[in-house]
Amino acid sequence: MAAELTNRWIYSHEVQLDITLHLDVQTVLETSDTADLDNYAKAILDGLKGPRGIMFDDTQVQALAISWLDGYGDPSFRVSAKSSPDDFVLKPVEFYEMPDGLWYPHGRFVWSNGGEEPLPDKSHFAGLSIIELMSSVKTRARAEMRNAGADRLRAYQRGMYVSSMARGYPRGRIADSGFTLQPRREWQETRRIWREANAEEIKEVEQILSDLRNSYDSMLEVLAGRLPADKRR
């Protein structure tokens, strides 16, 4: 499957899949030489994820339909995938560890003006720094809302207001997937070296981060301080 896939992108959020198997009906009904549909589904999902696939992990699959038809010739299958047209990352993709303990996908190419463009170092580290900030704010927001009386689910839901649009993944979901993993201390050290060599460029990035911090501090006060009394536990 990986050899057949030529996409330069990977879906970054929820995906809907429709799988149609073309099988010999007599083989299906009168022998034990075919698998159950759930086994076919699992094998195909495994083939669709990873660096050469169309998604990072099969937990992205929000909806799945699978069926079989009487086919002619060798067995085959067809997969139709649907997702938001803007929810993708261009390959190659690496995963970066963030303060919330999750790992976030990030690439060095962006889609612009109808084609791929390399991401300058300034934009690359700015993007990572923003995800890092939002990851930290999200963790802090959940803790403060729990302290204010919100239950776990409500804290999670309200924390989405200050969460990054990028989705993070537990290490166990991606550790053996073939993607390059960048531990937090290592990529922060790389950023530090770049910052020292590009003092002028970093000023604009740090101003953006400072403004974001101030905005998030105000939002945290609202989220943690205005919980309805009947929801406090």
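About the criteria used
Residues numbered from 1 in each chain as written. Predicted model: local features only at pLDDT ≥ 70, side-chain atom pairs only at ≥ 80, totals over all residues. Heavy atoms only, no water. Axes fitted to C-alpha atoms, helices over the stretch in contact; angles between N-to-C directions. Helix = DSSP H or I, 4+ residues; strand = E, 2+ residues; numbered from the N terminus. Parallel < 35°, antiparallel > 145°, perpendicular 65-115°, else oblique. Left-handed = near helix turned anticlockwise from the far one by under 90°. Contact = heavy atoms within 4.5 Å. Nonpolar A, V, L, I, M, F, W, Y, C, P; charged D, E, K, R; others polar. Core = buried A, V, L, I, M, F, W, Y, C linked by side-chain atoms within 4.5 Å. Buried < 20%, exposed > 50% of the residue type's maximum accessible area, 1.4 Å probe, protein only. Pairing = 2+ DSSP bridges. Salt bridge = Lys/Arg side-chain N within 4 Å of Asp/Glu carboxyl O. Phe/Tyr/Trp six-rings, centres within 6.5 Å; stacked < 30°, edge-to-face > 60°.

Enquirer: What should I look at first to understand the packing of helix α3 (residues 121-147) against helix α6 (residues 184-197) in this one?
Expert: Axis angle and axis distance: for two packed helices, these are the angle between their axes and the distance between the axes, and together they describe the pair. One can describe the packing of α3 onto α6 by two numbers: an axis separation of 11 Å at closest approach and a directional angle of 135°. By the angle class used here, α3 and α6 are oblique. Considering the relative orientation of α3 and α6, their crossing is left-handed. On α6, the residues that touch Asp121, Lys122, Phe125, Leu128, Ser129 and Glu132 of α3 are Arg184, Trp187, Gln188, Thr190, Arg191 and Trp194. Tallied by class, the residues present in the contact of α3 with α6 amount to 4 nonpolar, 3 polar and 5 charged.

Enquirer: Is there a simple way to explain the nonpolar core in this structure?
Expert: In globular proteins that are soluble, nonpolar side chains generally tend to be buried together. One finds Met98, Leu128, Val137 and Tyr216 to be the most contacted residues of the largest nonpolar core, which totals 22 residues. When contributions to this core are tallied by element, the ones reaching two or more residues are α3, α6 and α7 (199-225). For Met98, the contacting residues outside a window of four places in its chain are Tyr104, Leu128, Ile131, Glu132, Ser135, Arg184 and Trp187. Listed in part, the 13 residues of the second largest apolar core include Val15, Leu17, Ile19 and Met55.

Enquirer: Could you clarify how one ought to interpret the sheet that holds strand β7 (residues 103-107) in this entry?
Expert: The strands making up a sheet associate through backbone hydrogen bonding, with each pair oriented either parallel or antiparallel. Sheet architecture is open: 3 strands sit in the order β7-β6-β10, paired in mixed fashion. Bordering the open sheet on either side are β7 and β10 (180-182), each of which pairs with just one other strand. Strand-to-strand, the axes of this sheet are offset by a mean angle of 35°, without reference to chain direction. Here strand β6 (residues 93-97) pairs with β10 via 3 bridges, running parallel. Counted as the bridge partner of Glu94 is Thr180 from β10.

Enquirer: Just checking my understanding: could you explain the pattern of salt bridges for this structure?
Expert: Any two side chains of opposite charge can pair, given that their charged atoms come close. All told, the structure shown has 15 salt bridges when counted by the stated rule. Notably, a salt bridge pairs Arg140 with Glu144, separated by 2.9 Å at the nearest N-O pair. On the criterion of helical spacing, the pair formed by Arg140 and Glu144 is a turn pair, its members being 4 residues apart in helix α3. Salt-bridge contacts for Lys203 lead to Glu200; the nearest nitrogen and oxygen are separated by 3.5 Å. One end of the pair is Lys203 and the other is Glu200, both in helix α7 and 3 residues apart, which spans about a single turn. The exposed category is assigned to Glu200, whose relative accessible area is 60%. In the salt-bridge network here, residues are joined through shared partners; they are Lys42, Asp46, Lys49, Asp57, Asp58 and Arg173.

Enquirer: Is there a simple way to think about the sheet that holds strand β3 (residues 61-70) in this case?
Expert: Spatial ordering of the open sheet is given by β3-β2-β4, a layout of 3 strands whose pairing is mixed. The open sheet is flanked by β3 and β4 (76-82), the only strands paired with a single partner. Pairs of neighbouring strands in the sheet enclose a mean axial angle of 15°, with direction left out of account. For strand β2 (residues 15-23) and β4, the ladder comprises 7 bridges, and the chain directions are antiparallel. By the bridge assignment, Leu17 is partnered in β4 with Ala81.

Enquirer: Can you walk me through the packing of aromatic side chains in this structure?
Expert: When we look at a pair of aromatic rings, we describe it by the centre distance and by the angle of the planes. Tallied over the entire structure, the rule returns 8 aromatic pairs. With 5.8 Å between their ring centres and 75° between their planes, Phe56 and Tyr169 make a pair best called edge-to-face. Here the residue Phe56 occupies a position in the loop between α2 (37-48) and β3, and Tyr169 occupies one in the loop between α4 (152-159) and α5 (171-174), the gap between them amounting to 113 residues. According to the relative accessible area criterion, Tyr169 is buried, its value standing at 0%.

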